[in-house]
Each structure stands twice: as structure tokens, then as C-alpha cells.
Amino acid sequence: QVQLVESGGGLVQAGGSLRLSCAASGRTFRTSAMGWFRQGPGKEREFVATISWSGGITYYTDSVKGRFTISRDNAKNTVYLQMNSLKPEDTAVYYCAARTGLGGTTTDRRLYSYWGQGAQVTVSS
């Protein structure tokens with residue numbers, strides 16, 4: 001069992017930065033690929049970024065490449081999403097998610113077994 005708790009959301013002006021954190025409980029975190037997803041108003045939940053269990057493999061959706069960075073600290077059981085150069089269209093509830101077993105990185109939300117409660121990110125123009 002893995003429990004995930006996001007923090008670090010808030011209100012920021014366009015061009016600003018935020019860092020989201022996702023604290024995980026459970027022994028399987030260190031062997032789990034992790035992902036960040038987001039859901040904007042009236043939209044479906046969409047993939048943002050994913051990272052392998054070791055941190056050696058990362059992948060981003062095109063709209064955030066060069067602006068967002070996913071990372072993890074397995075000693076702290078925490079995964080991060082550093083968001084720079086934020087745009088109004090980044091406004092959404094951001095969710096972290098964990099795979100189980102030895103599954104690798106994936107953009108498919110159906111393959112993530114555990115989800116956090118979400119953190120609101122609002123970017124004003």
C-alpha cells in the first residue's frame with residue numbers, strides 16, 4: 001500500500017515558479033515509477049511528467065518540456081515537480097501517482113495504482 005500527499009500548490013503570476021512535493025509512505029516507493037498529472041477546469045486528467053524508480057529516466061508532455069522538472073529523493077520518499085515560467089494554461093489541480101511492482105515510466109494514467117488528493121495550482125495573467 002502507498003499513500004501520497006501533495007503540497008506546494010498555490011497562486012502565482014505568469015512567469016513565476018512553484019515546486020510541488022509528493023510525500024509517499026510505504027516500502028514500495030523506492031521501486032516505483034512515479035508520475036505527475038493535472039486536471040484543468042472542465043478538462044480530463046492529463047499526463048505531465050514521469051520518473052523511473054532510480055530517477056535515471058524522465059519524460060514530459062510537450063507543453064511543459066524545458067519549463068518543468070521532475071525529480072525524486074528516495075531517502076526522503078518524496079517526488080518533486082519544479083515548475084518554472086508558469087503560464088495561465090498551467091492552471092489545474094496537480095496529482096502525483098505511483099505505479100506498483102516493477103512497472104516502468106508511462107504516460108498512461110490507467111497504469112498508476114495510487115493517487116494523491118491533488119494540489120491546486122493557479123497561474124494569473
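Because the structure is a prediction, the values reported are computed rather than measured.

Caption draft 1: Up close: the overall build of the protein chain. For the protein chain, the count of helices and strands is 0 helices and 11 strands. Along the protein chain, helices (α) and strands (β) appear in the sequence β-β-β-β-β-β-β-β-β-β-β when read from the amino end. Relative to the 2.2 N^0.38 estimate, which gives 14 Å for 125 residues, the radius of gyration of the protein chain is 13 Å and therefore close to what a compact globule would have. Considered along the principal axes of its C-alpha atoms, the protein chain spans approximately 40 × 25 × 25 Å. Looking at the protein chain as a whole, 45% of its 125 residues qualify as buried.

Caption draft 2: Region of interest: the packing of aromatic side chains. Inspection of every chain in the model, using the stated rule, returns 5 aromatic pairs. For the pair Phe-37 and Tyr-112, a centre-to-centre distance of 5.2 Å together with 80° between the ring planes defines the contact as edge-to-face. Taken together, the positions of Phe-37 in strand E4 (residues 34-39) and Tyr-112 in the loop between strand E9 (92-98) and strand E10 (114-115) put the pair 75 residues apart, joining distant regions of the chain. You can call Phe-37 buried: its relative accessible area is 1%.

Caption draft 3: Quick peek at the pairing of strand E5 (residues 46-51). Burial within E5 is extensive, with 5 of its 6 residues counted as buried. In the sheet, E4 pairs with E5 via 5 bridges, with the strands oriented antiparallel. Bridge pairing in E5 links Gly-35 to Thr-50. In textbook terms, the turn of a hairpin is the stretch between consecutive antiparallel strands, and for E4 and E5 this stretch comprises 6 residues, one of which, Gly-42, has a positive phi near 70°. In the sheet, E5 pairs with strand E6 (residues 58-60) via 3 bridges, with the strands oriented antiparallel.

Caption draft 4: Expanded view of the nonpolar core. Formed by 29 residues in total, the largest nonpolar core has its most connected members in Leu-4, Trp-36, Leu-81, Met-83 and Tyr-94. Elements with a contribution of two residues or more to this core: strand E3 (18-25), E4, E5, strand E7 (68-73), strand E8 (78-83), E9 and strand E11 (119-124).

Caption draft 5: Expanded view of the sheet that holds E3. One open sheet holds the 4 strands; their spatial order is E1-E3-E8-E7, and the pairing between them is antiparallel. Single-partner strands in this sheet number two, and they are strand E1 (3-7) and E7. Here the strands of the sheet are splayed against their neighbours by 15° on average, with no regard to which way each runs. With 6 bridges connecting them, E3 and E8 associate as antiparallel partners. If you follow Cys-22 over to E8, its bridge partner there is Val-79.

Caption draft 6: Main features of the state of the cysteines. Per the stated rule, a full pass over the model turns up 1 disulfide. Put simply, Cys-22 and Cys-96 are joined by a disulfide, and their sulfur atoms are 1.9 Å apart. One quick way to see it: the torsion about the S-S bond of Cys-22 and Cys-96 is about 50°, and its sign makes the bridge right-handed. Separated by 74 residues along the polypeptide, Cys-22 in strand E3 and Cys-96 in strand E9 bring together distant segments of the chain. You'll find Cys-22 and Cys-96 in the same group, each marked buried.

Reading guide: rules and limits
Counting from 1, residues in each chain are numbered in the order their sequence is written. Given that the model is predicted, a residue must reach a pLDDT of at least 70 before its local features are reported, and side-chain atom pairs must reach 80 or more before they are shown or counted; all residues, however, enter totals for whole chains, interfaces and linings. To get the side-chain values, all heavy atoms of the structure are used, and hydrogens and water are removed first. In this description a helix means any DSSP run of H or I spanning at least four residues, a strand means any run of E spanning at least two, and both kinds are numbered starting from the N terminus. Within these notes, the globule rule equals 2.2 Å times the number of residues to the 0.38 power, and the radius of gyration is based on C-alpha atoms. Burial classification: accessible surface area is computed with a 1.4 Å probe over protein chains only, and a residue below 20% of its type maximum counts as buried, one above 50% as exposed, and the rest as partly exposed. In this scheme Phe, Tyr and Trp rings, the latter by its six-membered ring, pair at centre separations within 6.5 Å, and the angle between planes marks the pair as stacked below 30 degrees, edge-to-face above 60, and tilted otherwise. Paired strands are those between which DSSP finds at least two bridges. Only buried Ala, Val, Leu, Ile, Met, Phe, Trp, Tyr and Cys residues count toward a nonpolar core, and they belong to the same one when joined by side-chain atoms within 4.5 Å. To obtain each axis, a line is fitted to C-alpha atoms, and for helices this fit is confined to the stretch in contact; angles are then taken between N-to-C directions over 0 to 180 degrees. Here, a disulfide means two cysteine sulfur atoms that sit within 2.5 Å of each other.

Read these as layout, nothing more, since geometry by itself doesn't imply function.
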